[in-house]
Amino acid sequence: MPELPEVETVRRGLAPAMEGRVIERAQVNRPDLRFPLPDRMAERLSGARVTGLRRRSKYILVDLSTDETLLIHLGMSGRMLISGLQQGRFHHDHPAPAKHDHVVLDLEGGARITFNDARRFGAMDLMATADAEDHWLLRDIGPEPLGNAFDQDYLAARLAGRGAPIKSALLDQGLVAGLGNIYVCEVLFRAGIDPRRKAGRLSKARAQGLVPIIRDVLAEAIEAGGSSLRDYRQADGELGYFQHAFRVYGREGEPCQRQGCTGTVARVVQSGRSTFYCPRCQR
C-alpha cells in the first residue's frame, strides 16, 4: 500500500498537468472499484476546472470549480498515469486503452490522466468541497505528520498510557495520518526503539524525540520520489528510489547499519505485518 511519501509524490506529479485546467471529457469504464463510484461521475467531472490538488493522509483530493472535490485512493496497485505531457509541453500521443484503465480524464491542452488499477483496491468519490473533512474516509484521521498540529507535546500525550506496541500505535491513522509499515520501521530504527515496546512505556523525552525523526524520514522519502515496491509508480511512470536508502526495512539477516553496532536485522510479525529491526541496538 503506498504510504504518505508515495501519495505526495503522485500529487506533485499530477499538479502541473491538472491544476488550472478544465476536464474536457471524463470517461468512467466501470460502476465500482473497491466501493461503488459516485452517481453521474463522468457528467459531474466533465466541464469542471481543477482549482487545486491536495493530499490528506494517503488520499489525493482534487478540488473543482463546481465546489466538489474528487477523492482518490490508490489502493495496492492503483496508478495515476499521465500522457500527452512531455518535458513541460503538451502533445497528443496517448497509449492505447488498457484493460484496467477504469477512469480517464482528458484535460484542456491535451493532457490525459488515467487511473489504472489491476486489483481494483483503489477508490474514488465525489463530495462537496466544504464538507471534505467530514467524509467518512477522512473524518477520523489524525493530524498530518508534517503539519504544525503534530508536535512533540501532542505525540507524547497521545502515547502516554497506551498498552499497544509503539509500532502499532504509530500505524494508528487516528493518531497520525499517513504513516505505514515501511516508514514506521525506518523511524523506530533511527530512534533506537524496539518496535515491540509498549507505547506507554516510552519516556516523555523518547516519545517527543520521535517527531523530528518522523518528519526527517518522510521528507527524505518525498525528496527521493517515494518508494517503489511492487506495483507503485510515480505519476510520470518513473520508479521512486527511496527503497535504496532503507536502513532496516527488508534487510532481514543483514548486518545492522548503525555505526558501531554488531547486530543483525531481524524480522517479526506484528498484527500480520512484517517488522524489521535490530534486536541489539533498538531498545
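What comes next concerns the included structure. The written sequence of each chain sets the order in which its residues are numbered from 1. Where local features are concerned, this predicted model is filtered to residues with pLDDT of at least 70; where side-chain atom pairs are given and counted, the filter is 80 or more; whole-chain, interface and lining totals use all residues. Water and hydrogen atoms were dropped before computing side-chain values, which therefore reflect all heavy atoms in the structure.

We call a set of buried residues a nonpolar core when its members are Ala, Val, Leu, Ile, Met, Phe, Trp, Tyr or Cys and they connect through side-chain atoms within 4.5 Å of each other. Type-normalised accessible area, obtained with a 1.4 Å probe on protein chains alone, sets the label of each residue: buried when under 20%, exposed when over 50%, and partly exposed for intermediate values. Counting 33 residues, the largest nonpolar core has Leu-155, Leu-159, Ile-166, Leu-170, Tyr-183, Leu-210 and Ile-214 as the members making the most contacts within it. Only DSSP runs of H or I covering at least 4 residues are called helices, and only runs of E covering at least 2 are called strands; the numbering of each starts at the N terminus. Of all elements in the fold, only α3 (152–159), α4 (166–171), α5 (181–191) and α6 (204–223) reach the threshold of two or more residues within this core. We call two residues in contact whenever any of their non-hydrogen atoms come within 4.5 Å of each other. In this structure Ile-214 touches Pro-145, Phe-150, Leu-170, Leu-179 and Val-187, once residues within four positions along its chain are discounted.

Once that is clear, we can look at the pattern of salt bridges. Counted as salt bridges are all cases of a side-chain nitrogen of Lys or Arg within 4 Å of a carboxyl oxygen of Asp or Glu. All chains considered together, the criterion is met by 18 salt bridges. A salt bridge links Glu-8 to Arg-11, with the nearest nitrogen and oxygen atoms 2.9 Å apart. In this pair, Glu-8 and Arg-11 are both assigned in helix α1 (residues 4–18), three residues apart and thus about one turn of the helix distant. An identical accessibility class is assigned to Glu-8 and Arg-11; each is buried. With a closest N to O distance of 3.0 Å, Arg-49 and Glu-108 form a salt bridge. Of this pair, Arg-49 sits in the loop between α2 (41–45) and β2 (50–56) while Glu-108 sits in the loop between β8 (101–107) and β9 (112–116); the two residues are 59 residues apart in sequence, bridging distant segments of the chain. Via salt bridges that share partners, Glu-8, Arg-11, Arg-12, Arg-55, Arg-56, Glu-133 and Glu-144 belong to a single interconnected network.

Here the focus is a nonpolar patch on the surface. The patch calculation keeps residues exceeding 30% relative accessible area without a salt bridge and links them within 9 Å when they carry like charges or within 5 Å when they are nonpolar (Val, Leu, Ile, Met, Phe, Trp, Tyr). Accessible surface is estimated by sampling points in the Shrake-Rupley manner with a 1.4 Å probe; for residues, cover comes only from the protein chains shown. A surface patch of nonpolar side chains, about 280 Å² in accessible area, is lined by Met-1, Met-76 and Phe-121. Summarising the element assignment, Met-76 is placed in the loop between β4 (68–73) and β5 (79–83). A relative accessible area of 33% places Met-76 in the partly exposed class.

On to the layout of surface pockets, then. Put simply, the second largest pocket is a space of about 340 Å³. As for the second largest pocket, its lining consists of 22 residues, of which Pro-95, Ala-96, Pro-97, Asp-101 and Thr-114 are closest to the centre. Contributing elements (two or more residues each) for the lining of the second largest pocket: β1 (23–28), β5, β8 and β9. Element by element, the count of residues in the lining of the second largest pocket is highest for β5, at four residues. Residue type decides the class: Asp, Glu, Lys and Arg count as charged, Ala, Val, Leu, Ile, Met, Phe, Trp, Tyr, Cys and Pro as nonpolar, and the leftover types, Gly among them, as polar. Looking at the lining of the second largest pocket residue by residue, the classes come out as eight nonpolar, eight polar and six charged. Only protein atoms enter the 1 Å grid, on which a cavity is a set of points fitting a 1.4 Å probe that cannot get out and a pocket is an open set with protein on both sides within 12 Å along at least 5 of 7 lines, lining residues being those with an atom within 4 Å of a point. Grid points are joined across faces, edges and corners, and a volume is the space filled by probe spheres set on the points.

Of note, Asp-106 is situated in strand β8. N or O atoms within 3.5 Å of each other form a polar contact, as long as, within protein, one can give a hydrogen and the other can take it, and as long as residues adjacent in sequence are counted only when both atoms are side-chain atoms. Among the polar contacts listed, one links the side chain of Asp-106 to the side chain of Arg-112, at a separation of 2.6 Å.

This brings us to the packing of aromatic side chains. In summary, the pairing rule links any two rings of Phe, Tyr or Trp, Trp by its six-membered ring, whose centres are within 6.5 Å, and it sorts them by plane angle into stacked for under 30 degrees, edge-to-face for over 60 and tilted for everything else. Summed over all chains, the structure comprises five aromatic pairs. Measuring from centroid to centroid gives 5.7 Å for Phe-246 and Tyr-249, while their planes differ by 75°, and the two rings are edge-to-face. A residue is classified by how much of its surface remains accessible, and Phe-246, at 4% relative accessible area, is buried. Here the aromatic residues Tyr-183, Phe-246, Tyr-249 and Phe-276 are joined through ring pairs into a cluster of three or more. The ring of Phe-189 carries Arg-258 above its face, with NZ or CZ at 4.5 Å from the centroid. Whether a charge lies above a ring is judged from NZ of Lys or CZ of Arg, which has to be within 6 Å of the ring centre and within 35 degrees of the ring normal.

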